[in-house]
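What follows is the residue order along each chain.
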Amino acid sequence: MAQQDVRDMPMASAPHPIHSVLAAFPLAFFTTAFVTDLTYVNTAEMMWANFSVWLITGGLIMGVLAAIAGIVDFARNRRARRAPRPWFHSLLNIVVLVLGTVNAFIHSRDAYTSVMPTGILLSAIVAVLVIVSSWTGTSVAHRYPVGAA
């Protein structure tokens with residue numbers, strides 16, 4: 001029986017799906033930051049605004065780590081580099097990280113101005129973009145053997 005080249009394996013059986021594992025964190029952090037912003041707007045409890053800034057910061061840190069793993073996987077897969085969908089996924093992730101960074105600075109303000117109106121708007125935009133990016137990334141992972149050694 002011929003041994004299968006690891007680069008031909010689908011992501012589900014890849015030896016190191018690091019990018020997929022790390023990408024779950026920004027999705028969770030950025031969407032939850034939007035929820036905590038909404039909670040702050042409805043309660044005026046500063047604790048919720050503080051949660052938001054920590055969630056955004058966590059999303060940025062994990063987003064950079066996921067991006068590094070994604071770049072490695074992307075660089076090792078010629079077929080994925082030629083297709084438009086992985087490029088779209090990468091572009092969305094760059095936009096998410098840039099807007100997330102701006103949002104972290106907005107959220108570093110004091111009290112009400114940290115969330116209203118710019119902070120919650122940016123949190124909503126980033127949450128939507130990270131959901132779309134995750135959806136696109138999942139379709140890329142199923143279409144191309146990314147994540148294989």
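See the structure shown above.
Residues numbered from 1 in each chain as written. Predicted model: local features only at pLDDT ≥ 70, side-chain atom pairs only at ≥ 80, totals over all residues. Heavy atoms only, no water.

Regarding the overall build of the protein chain
Secondary structure summary: the protein chain contains five helices and zero strands in total. Here the protein chain, with 149 residues, has 40% of them falling under the buried criterion. When contacts within the protein chain are restricted to residue pairs at least 6 apart in sequence, those whose partners lie at least 24 apart make up 77%. Taken as a whole, the protein chain presents about 8600 Å² of accessible surface, with 71% of it coming from carbon and sulfur. (Helix = DSSP H or I, 4+ residues; strand = E, 2+ residues; numbered from the N terminus. Buried < 20%, exposed > 50% of the residue type's maximum accessible area, 1.4 Å probe, protein only. Contact = heavy atoms within 4.5 Å. Areas by Shrake-Rupley, 256 points an atom, 1.4 Å probe, with all protein chains shown as cover.)

Some words on unusual backbone geometry
Here the amide bond leading from Met116 into Pro117 is cis, since omega sits at -10°, within 30 degrees of zero. Counting through the fold element by element, Pro117 comes out in the loop between helix 4 (84-107) and helix 5 (118-143). The residue Ala44 is not glycine, and still its phi comes out positive at about 60°. Within the secondary structure, Ala44 sits in the loop between helix 1 (18-43) and helix 2 (46-75).

Re helix 4
Spanning 24 residues, helix 4 covers 34 Å between terminal C-alpha atoms, matching the ideal 34 Å at 1.5 Å per step. Turning to helix 4, its buried residues number three or more, namely Pro86, His89, Leu92, Val96, Leu97, Gly100, Asn103, Ala104, Ile106 and His107. (Expected span 1.5 Å × (residues − 1).)

Structural notes on the packing of aromatic side chains
Applying the stated rule across the entire model yields three aromatic pairs. With centroids separated by 5.3 Å and ring planes inclined at 90°, the aromatic side chains of Trp48 and Phe51 adopt a geometry described as edge-to-face. With Trp48 and Phe51 both in helix 2, this residue pair falls three residues apart, about one helical turn. By relative accessible area, which is 25% here, Trp48 ends up partly exposed. Ring geometry for Phe74 against Trp87: centres 4.9 Å apart, planes inclined by 90°, an arrangement best described as edge-to-face. Highlighted residues: Phe74 in helix 2 and Trp87 in helix 4, separated in sequence by 13 residues. (Phe/Tyr/Trp six-rings, centres within 6.5 Å; stacked < 30°, edge-to-face > 60°.)

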